[in-house]
Amino acid sequence: MDHFMPSTLLFFSLSVFFVVNGQELSGGKTSSEHGKARTLLLSLEKLDAEKAAVAAKDREAVNRYQTLLRGATPFLEMKELPSVVNNEYTPPGATKNDYVSFSTYYWPDPEKSDGLPFIKKDGEPNHDWLRAEKGHDQAYLRKMVEAVEKLVLAGYLGDDTECNEKAIQILRCWFLDPKTRMNPHLQYSQAVMGRDTGSATGVIDTHRFYGLIEMLGLLEACPEWTEKDREGMKRWFTEFLDWLRTSKFGKRESQAVNNHGSWYDVQTAAFAWYVGKDDLVKEILEGSKARIDSQIEKDGSQPHELRRTIPFTYSCMNLRPLILLAKYADRYKIDLWDDAGAEGGSIRAAYEFLRPYAEEQKPWPYKDLRFNPKTFDGVYRLAGDRFGAAPAKLKSLSDNDDFETFIR
């Protein structure tokens, strides 16, 4: 029931800000100029330098900020806030506050009058079924994440109270207000009509919450973000982390041998860091060594992803979370970049395996429903500074670039 496709979220983030540069900080870094701002992936020093450049009216910095602000402006004007209670479909046993989504690759069975149970067409998303009107909360979740990321960055860089307040309003609606909040579990995610009301693979629906963790870290310096807000968010992510680690779906996803397992590690590591469980973060990162070893061959190929109908996309999709884990590990003095297990595979090897195909130096030799070399762009932006500069074409920024792509 593996559904995860490249995110269509539109997000502009300034690549010059995002860096894990080997700082020896096990619990993140606190900026002296911004009180309790605290991040795991973002460099507060570089963010503050860009903020100063904007204030000094540096032309390039101002242009970047204005692009960011243009992306945030529609969310400032948003009247109906995204919430899981907005849809009209509630599966049996669920409440309006439970998150609901449907498996991406499942379609009505043409041989059945009612189409049930749905059947799988791997790599072929059923876009008609994946709309909010059908009761699909993932559309609301994506809008919430996109809005918060853009608004918080704009608020931080421009000392923009209006952006901060709108982001906080959205966060309170999704996570804190009893009337509109999402319950901290994914029991009803990735349902298959006619078969089940949820599945373990739905855990990947919240993979972009690792980016929210970074935004929450920036809000720690925001006067509008209250102690009640902080406590409420810490409580929500503590409960969600507990569900991920103890529920049947969470345990099953933790054992996934493909990109689902990698994203599970990213999520649990990020959430554990946010709620102050450093020992657990280290445990997760150390455990990721075995995951890398099981997923990457000595030649850098990723067999679990290559057997899919869109193998290049999935190979990139799995490499991204592994790179994120390596960036997390840098902060804990753990090396995941070049750590080669018994089979000799490594993140570096996987990067070098895919790069020639991305640069079209070699034809992609695997059957692929929609091979697209640009899928590797996000990998370039995550690890190009470490393994080799990305092509110049990637250096131009626009508000159509997402958060994940521009972390460095």
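Rules and cut-offs
- Residues numbered from 1 in each chain as written.
- Predicted model: local features only at pLDDT ≥ 70, side-chain atom pairs only at ≥ 80, totals over all residues.
- Heavy atoms only, no water.
- Salt bridge = Lys/Arg side-chain N within 4 Å of Asp/Glu carboxyl O.
- Helix = DSSP H or I, 4+ residues; strand = E, 2+ residues; numbered from the N terminus.
- Buried < 20%, exposed > 50% of the residue type's maximum accessible area, 1.4 Å probe, protein only.
- Polar contact = N/O pair within 3.5 Å; in protein donor to acceptor, adjacent residues only side chain to side chain.
- Contact = heavy atoms within 4.5 Å.
- pLDDT = per-residue confidence, 0-100.

1. Here's the deal with the pattern of salt bridges
Where charged atoms of side chains with opposite charge meet at close range, the side chains can pair.
Right, on to step 1. According to the stated counting rule, one finds 13 salt bridges in the structure shown.
Right, on to step 2. The residue Arg64 makes a salt bridge to Glu50 at a minimum N-O spacing of 2.8 Å. You can see Arg64 sitting in helix α2 (residues 59-76) and its partner Glu50 sitting in helix α1 (residues 44-55), a full 14 residues away along the chain.
Right, on to step 3. The closest approach of N and O atoms between Arg355 and Glu352, which form a salt bridge, is 3.0 Å. In this pair, Arg355 and Glu352 are both assigned in helix α12 (residues 347-358), 3 residues apart and thus about one turn of the helix distant.
Right, on to step 4. Each of the salt bridges in this network shares a partner with another, and the network as a whole consists of Glu220, Glu227 and Arg230.

2. Describing the environment of Glu352
Right, on to step 1. In this structure Glu352 comes out as partly exposed when scored by relative accessible area, which is 31%.
Right, on to step 2. It is 8.8 Å that separates the C-alpha atoms of Glu352 and Asp299, two residues lying 53 residues apart in sequence.
Right, on to step 3. Among the polar contacts listed, one links the side chain of Glu352 to the side chain of Arg355, at a separation of 3.0 Å.

3. A closer look at the side chain of Thr180
Right, on to step 1. Looking at the element boundaries, Thr180 is found in the loop between α4 (161-176) and β6 (188-191).
Right, on to step 2. Once you skip the residues sitting within four places of it in the chain, Thr180 turns out to touch Ser83, Val84, Val85, Asn97, Cys173 and Trp174.

4. A look at the confidence of the model for the chain
Right, on to step 1. On average, residues of the chain score 85 in pLDDT, and 84% of them reach the 70 mark or higher.
Right, on to step 2. The low-confidence segment residues 1-34, where pLDDT is below 50, has 148 contacts with residues more than four positions distant or belonging to other chains.
Right, on to step 3. Below pLDDT 50 for its whole length, residues 394-406 participates in 53 contacts with residues either more than four positions away or in separate chains.

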